[in-house]
Amino acid sequence: NAGVTQTPKFQVLKTGQSMTLQCAQDMNHNSMYWYRQDPGMGLRLIYYSASEGTTDKGEVPNGYNVSRLNKREFSLRLESAAPSQTSVYFCASSVTDRNNEKLFFGSGTQLSVL
Amino acid sequence: AQKITQTQPGMFVQEKEAVTLDCTYDTSDQSYGLFWYKQPSSGEMIFLIYQGSYDEQNATEGRYSLNFQKARKSANLVISASQLGDSAMYFCAMRGPWGAGSYQLTFGKGTKLSVIP
């Protein structure tokens, strides 16, 4: 059972380059999320998608765009990478169920912007 | 706005002893949920336990229990009989009122737990 799958696991970019982080879940979840984790910090929400076809900004959306391609897939794009975007990125998904309160996370993407 | 505070950057505990990791929260919402996640050195985020604001009993999941004191706005994690594999970062997190099927969690900065043999 794969759960939430993120690719790539590691990436090094030069300032100004663009890239897309891919995320897919096989649990038929409605909601998906992108978080970033910086040293000494908890996770901060970048964007989320409550359901297929909808996306909304989280706490730190600047410099990012997202696409909810279908129910399974939610991608995060950096159009012009900056050193401040060096971080670990986590994709997550959740059910729409009050009785099943849990966020499932992917294994993370370590991104370095030089 | 929601805020989670974890005041212990690092904790040590002897193997087989119990340990309490502190978490306080601030919110004006009446309905909310509190979570604890474990992040081992491998980096993945592992769900441990959940407490809803209207739950009257403290949540328990195996060796994990959540000491929920609503009036004090605290949601401390208690790990009983610590094991070496419990060494990890632990994050307290909170979601606001349930709605639109989304769980926008606000995370604390974490506590690094080290279990000593």
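Overview of the structure. Everything numeric in this text was worked out from a predicted model, so none of it was measured.

**As for the packing of aromatic side chains**
If you walk through the whole model with that rule in mind, you get 16 aromatic pairs over all chains. Here the aromatic rings of A:Phe105 and B:Phe107 are separated by 6.4 Å at their centres, their planes lie at 70°, and the arrangement is edge-to-face. Here the residue A:Phe105 occupies a position in strand β10 (residues 103-105), and B:Phe107 occupies one in strand β11 (residues 106-107), the pair thus bridging two chains. Take A:Phe105 and B:Phe107: they sit in the same class, and that class is buried. Centre to centre, the rings of B:Phe91 and B:Phe107 are 6.5 Å apart; their planes meet at 80°, and the pair counts as edge-to-face.

**Some details on the pattern of salt bridges**
Enumeration according to the criterion identifies five salt bridges over all chains in this entry. Residue A:Asp38 is joined to A:Arg44 by a salt bridge in which the shortest nitrogen-to-oxygen separation is 2.6 Å. The residue B:Arg63 makes a salt bridge to B:Asp86 at a minimum N-O spacing of 2.8 Å. Note that B:Arg63 is positioned in the loop between β7 (60-61) and β8 (64-69) and B:Asp86 in the loop between β9 (74-79) and β10 (88-95), a separation of 23 residues in sequence. The exposure class of B:Arg63 is partly exposed, given its relative accessible area of 23%. For B:Asp86, a relative accessible area of 2% translates into the label buried. Overlapping salt bridges bring together A:Arg36, A:Asp38 and A:Arg44 as one network.

**Overview of unusual backbone geometry**
Along the chain, A:Thr7 connects to A:Pro8 via a cis peptide bond; the corresponding omega equals -5°. Not every positive phi belongs to a glycine, and B:Lys16 is a case in point at roughly 80°. Take B:Lys16: it is sitting in the loop between β2 (10-14) and β3 (19-21). A positive phi is found at B:Ala81, a non-glycine position, where the angle reads about 45°. Relative to the elements of secondary structure, B:Ala81 occurs in the loop between β9 and β10.

The rules behind the values
Residues numbered from 1 in each chain as written. Chains lettered and ligands numbered in written order. Predicted model: local features only at pLDDT ≥ 70, side-chain atom pairs only at ≥ 80, totals over all residues. Heavy atoms only, no water. Phe/Tyr/Trp six-rings, centres within 6.5 Å; stacked < 30°, edge-to-face > 60°. Helix = DSSP H or I, 4+ residues; strand = E, 2+ residues; numbered from the N terminus. Buried < 20%, exposed > 50% of the residue type's maximum accessible area, 1.4 Å probe, protein only. Salt bridge = Lys/Arg side-chain N within 4 Å of Asp/Glu carboxyl O.

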